[in-house]
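Listed below are the residues making up each chain.
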Amino acid sequence: MGLGLVYKDGRHIFDEAGVDENGQQVPFLKFPLFENTGIVRHGFSTRKGGVSEGCFASMNLSFDRGDDPEAVRENFRRIGRAIGVRCEDMVLSRQTHTTNVRVVTEADRGKGVIRERDYNDVDGLVTDVPDICLVTSYADCVPLYFVDPVKRVIGLSHSGWRGTVGKIGKKTVELMQEKFGCDSADILAAVGPSICVECYEVSEDVIGQFRAAFDREFWKELFYAKENGKYQLNLWKANELVFREAGILPEHMAVTNVCTRCNSKILYSHRAMGNRRGNLCAFLALNVEKQDKKRV
Ligand SMILES: [Zn+2]
C-alpha cells in the first residue's frame, strides 16, 4: 500500500495520507493520536510530491541547502495544500541544536516561508493561536509533537542528540505549562519519524552525556556498546523517557516505528545521504474552534 515504507517492529502509529485538490499525489504521514482529537491539522512530509530536482528530489523543504528557492516555495504550497494549511500561516523554527523554545504569536505568521525570520537559535515552537502552523525541519533528528486538547495549545520541537540530552521535550512541556497553564496529564505527545537505534552509531563522548542525563536504570534501553568502540543510541526511547519525566501519561504517547535512514528512498536521511539532500518538515496547526463545532 501507499509509499512502501519499511516499518520497524511495534505498533503502526502512522497513516499515510495526502492527495491534494488537483489529484496530485502529495503524500505525508500523520498520527491517529492527533487526528482523533479533531482539533488539529498535522503531518510529516516525505521526499515525494514536490518539484525539486537532483539530490533535492523532490519535496525539499529547506531554503538553506542550495536548492532553487522557487521550487522550495512551490513545495511548501503543495504540502500545505495536502495537509490543509497556508504558507501565509506557517512559522518556521531556526534550528541550531539548542533547547530554546519560542512562544509563537500572531505577529509571527508566515515567518520562514513568505517572510524573513527575525529570530535565531529556536529549536522548539509553541502556540495557542488557531490557524498558525508550526513547522520544524528534519533529516534523521527527532520531531516531537505536543497537543493539549483541553487548553488548546500545541508545540513542536527538534530533538537531535543534543536536544535529547538537553531534554527539549521537557522544556517544551514546561513552557506550555508556564505560558498557557497546561496540565501535563492532558498533553498528547508523539515522537515522529527519525533515525532508529540500529542506524544510529555514535561515539563514547556522546554516550557520556547520555549517562549524565539519564538514570543508570535506563542505560540498557538507551544504548549498547560495540566491538569497534562505538555505540548504537536509541533516540526514540530517550525521548519517550523525556516525555515521562515531563509528566506525559503513557496512554497519551505515540512513538514512531518509521526510521528515516531505513527509508531513505522515501525520507531524507543525513546518515544515508550526507549533505547532498533536502529537508523534511513536521507541521502542526490548531483548528479554529468553530470549525470543530461545525464538524460535530
Ligand atoms: Zn534505521
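Our structure is the block above this text.
Notes on the structure follow. These figures come from a predicted structure and were not determined experimentally.

Procedures and definitions
- Residues numbered from 1 in each chain as written.
- Predicted model: local features only at pLDDT ≥ 70, side-chain atom pairs only at ≥ 80, totals over all residues.
- Heavy atoms only, no water.
- Donors = N, O, S within 2.8 Å, 3.2 Å for Na, K, Ca; no water.
- Tetrahedral: all angles 85-135°; square planar, octahedral: opposite > 155°, others 65-115°.
- Buried < 20%, exposed > 50% of the residue type's maximum accessible area, 1.4 Å probe, protein only.
- Helix = DSSP H or I, 4+ residues; strand = E, 2+ residues; numbered from the N terminus.
- Pairing = 2+ DSSP bridges.
- Core = buried A, V, L, I, M, F, W, Y, C linked by side-chain atoms within 4.5 Å.
- Contact = heavy atoms within 4.5 Å.
- Salt bridge = Lys/Arg side-chain N within 4 Å of Asp/Glu carboxyl O.
- Axes fitted to C-alpha atoms, helices over the stretch in contact; angles between N-to-C directions.
- Phe/Tyr/Trp six-rings, centres within 6.5 Å; stacked < 30°, edge-to-face > 60°.
- Lys NZ or Arg CZ within 6 Å of the ring centre and 35° of its normal.

### Some thoughts on the coordination of the zinc ion
Protein ligation of the zinc ion involves C196 (SG), C199 (SG), C259 (SG) and C262 (SG), the donor distances falling in the range 2.3 Å. Around the zinc ion sit four donor atoms, and with donor-metal-donor angles ranging over 106 to 117° the site reads as tetrahedral. Here the donor residues of the zinc ion share one chain and are spaced in sequence as C-x2-C-x59-C-x2-C. Residue class for C196 comes out buried when judged on its relative accessible area of 1%.

### Points about the pairing of strand β3 (residues 40–45)
Of all six residues that make up β3, six are buried, and the element is covered over most of its length. Residues V40, H42 and F44 of β3 are buried on one face, and the alternating residues R41, G43 and S45, pointing to the opposite face, are buried as well. Of the pairings in the sheet, the one linking strand β2 (residues 25–30) to β3 comprises two bridges and is antiparallel in character. Of the residues in β3, the one forming a bridge with L29 is F44. Bridging between β3 and strand β15 (residues 280–286) involves five bridges; their strand directions are antiparallel. Residue H42 lies in a different strand from β15, and its bridge partner there is L284.

### A look at the nonpolar core
By size, the foremost hydrophobic cluster in this structure holds 42 residues, and its most contacted members are F210 and L233. Only β8 (142–148), α3 (161–165), α4 (168–180), β10 (188–191), α5 (204–213), α6 (219–222), β13 (231–233) and α7 (235–245) provide two or more residues apiece to this core. Tallying contributions element by element places α7 first for this core, with six residues. Setting aside anything within four residues of it in sequence, one finds F210 in contact with W161, T164, V165, W219, F223, L233, L235 and A238. One finds L3, L134, A254 and I266 within the second-largest nonpolar core, a separate group that totals 35 residues.

### Observations concerning the pattern of salt bridges
Throughout the structure, instances matching the rule amount to 18 salt bridges. The partner of E74 in a salt bridge is R78, with the nearest N and O atoms 2.9 Å apart. Here E74 and its partner R78 are both found in helix α2 (residues 69–83), four residues apart, which amounts to about one turn of the helix. Relative accessible area serves as the criterion here: at 16%, R78 is assigned to the buried category. Between D108 and K111 there is a salt bridge whose closest N-O contact spans 2.9 Å. Through salt bridges with shared partners, one network takes in R86, D89, E106 and R109.

### Description of the sheet that holds strand β6 (residues 124–127)
Taken together, the six strands give an open sheet; going across it, the order is β5-β6-β9-β8-β10-β14, and neighbouring strands pair in mixed fashion. If you trace the sheet from one side to the other, it starts and ends with β5 (101–103) and β14 (253–255), each paired once. Going from strand to strand, the sheet's axes swing by 10° on average, the running direction of each strand aside. The strands touched by α4 are β5, β6, β8 and β9 (153–159); relative to β9, the strand with the most contacts, the crossing angle is about 155°.

### Regarding the packing of aromatic side chains
Throughout the structure, instances matching the rule amount to nine aromatic pairs. With a centroid separation of 6.0 Å and 45° between ring planes, the pair formed by F44 and Y138 is classed as tilted. Of the two residues, F44 is situated in strand β3 and Y138 in strand β7 (residues 133–138); the sequence distance between them amounts to 94 residues. Ring centres of F210 and F214 lie 5.8 Å apart, and the angle between their planes is 10°; on these two criteria the pair is classed as stacked. Summarising the burial analysis for this pair, F210 and F214 share the class buried. Feature note: the residues F31, F34 and Y145 constitute an aromatic cluster, connected by ring pairs. Between the NZ or CZ atom of K167 and the centre of the ring of F214, over which it lies, the distance is 4.6 Å. One residue, R211, lies across the ring of W219, its end atom 5.6 Å from the ring centre.

It is worth stressing that arrangement in space is one thing and function is another; only the former is reported here.
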